[in-house]
Amino acid sequence: MIDKFMDSVHEAVADVFDGATVLVGGFGGAGHPTELLHALLEQGARDLTVVSNNAGNNEVGLAALIKAERVRKMICSFPRASHSYVFNQFYAEGRIELECVPQGTIAERLHAAGAGVGGFYVRTSYGTDLAEGKEVREINGQHYVFEYPLHADFALVRAQKGDRWGNLVYNKTARNFGPVMCQAAKTTIVQVRHKVALGELDPEAIVTPGIFVNRVVEVADPKFSS
């Protein structure tokens, strides 16, 4: 019998290794898998490359991981989002690396990884510092920058409901990067607010099919997540 539910968030992240590339869902607080990130903090993995929309807020979740010096490099779109003072300090002191990627580009790079696409051309960033060193091609009179897919070892994602096969539905905008991150990682770990019986989810409403999910853990009353 297929049952992807784990007993705890700590068990779910136990094999995240030093130097891993980890995708972290969320847009600000919406969809941020805070409890999984706190379990990863306690687990002790370090020298991580983290891919996320922003670089964390206040001192919880991703920001807490950065503060504990577990993150070597951030790949994100909004490193200086509101209340991201931990990352700002670390970056100013040269204690963390940054690769800034436009939001649509980061989403498509993740999608390309999940779809098995070798890369794509995009107009965004042409003529800016973000295009430095990248291949540029003229197509129909417009210049495009070539971007590679973003593969990862692990994805940490938050969803609203999940069944034992790993089928997921999300809560409104908390959906954000979760679906493409589930597809782009070798191992996808999801915290859900509600564990539901197999067959309870409307097949037409399932956003992420269980084939893209490896582990699910129920966090029915999240302390930190919005």
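Our subject is the structure listed above.
About the criteria used
- Residues numbered from 1 in each chain as written.
- Predicted model: local features only at pLDDT ≥ 70, side-chain atom pairs only at ≥ 80, totals over all residues.
- Heavy atoms only, no water.
- Pairing = 2+ DSSP bridges.
- Helix = DSSP H or I, 4+ residues; strand = E, 2+ residues; numbered from the N terminus.
- Axes fitted to C-alpha atoms, helices over the stretch in contact; angles between N-to-C directions.
- Contact = heavy atoms within 4.5 Å.
- Salt bridge = Lys/Arg side-chain N within 4 Å of Asp/Glu carboxyl O.
- Buried < 20%, exposed > 50% of the residue type's maximum accessible area, 1.4 Å probe, protein only.
- Arc of directions from axis to C-beta.
- Phe/Tyr/Trp six-rings, centres within 6.5 Å; stacked < 30°, edge-to-face > 60°.
- Lys NZ or Arg CZ within 6 Å of the ring centre and 35° of its normal.

Caption draft 1: Region of the structure containing the sheet that holds strand β7 (residues 142–147). One open sheet holds the 3 strands; their spatial order is β5-β7-β6, and the pairing between them is antiparallel. Taken across any chain shown, the strands that pair with only one partner, and hence form the sheet edges, are β5 (120–122) and β6 (136–139). If you compare each strand with its neighbour and ignore which way they point, the axes differ by 45° on average. Two elements, β6 and β7, share 4 bridges in a ladder whose sense is antiparallel. Looking at β7, one finds that R137 is bridged to Y144. In the packing of helix α5 (residues 103–115) onto the sheet, contacts are made with β5 and β7, and the angle to β5 comes to roughly 170°.

Caption draft 2: Region of interest: the pattern of salt bridges. For the structure shown, the criterion picks out 10 salt bridges. Where R95 meets E69, a salt bridge forms, and the shortest distance between an N and an O atom there is 2.6 Å. Pair noted here: R95 is in the loop between α4 (85–92) and β4 (97–100) and E69 is in the loop between α3 (62–67) and β3 (71–76), with a separation of 26 residues, a long-range link. For E97, the salt bridge identified is with R72, shortest N-O distance 3.0 Å. Of this pair, E97 sits in strand β4 while R72 sits in strand β3, and the two are 25 residues apart along the sequence.

Caption draft 3: The pairing of strand β10 (residues 185–195), seen in detail. With 9 bridges connecting them, strand β8 (residues 152–162) and β10 associate as parallel partners. Residue K161 lies in a different strand from β10, and its bridge partner there is H194. Where β10 and strand β11 (residues 215–218) come together, 4 bridges link them in parallel fashion. The residue of β11 that forms the bridge with I189 is R215.

Caption draft 4: Molecular detail of α4. Of all the residues in α4, the buried ones are V86, F87 and F90. For α4, the angular spread of buried residues about the axis comes to 95°, placing them on one side. In this structure, the buried residues of α4 make contact with α3, β3 and β4.

Caption draft 5: Just the packing of aromatic side chains, in detail. Throughout the structure, instances matching the rule amount to 4 aromatic pairs. Geometrically, the ring pair formed by Y121 and F146 is edge-to-face, given 5.0 Å between the ring centres and 65° between the ring planes. Taken together, the positions of Y121 in strand β5 and F146 in strand β7 put the pair 25 residues apart, joining distant regions of the chain. Judged by relative accessible area, which is 27%, Y121 ranks as partly exposed. Among the aromatic residues, those joined into a cluster by ring pairs are Y121, F146 and Y148. The ring of F90 is capped by R95, whose NZ or CZ atom sits 3.9 Å from the centre of that ring. Geometry around F5 places K195 over its ring, the cationic atom sitting 4.6 Å from the centre.

Nothing here speaks to function; it is all geometry.
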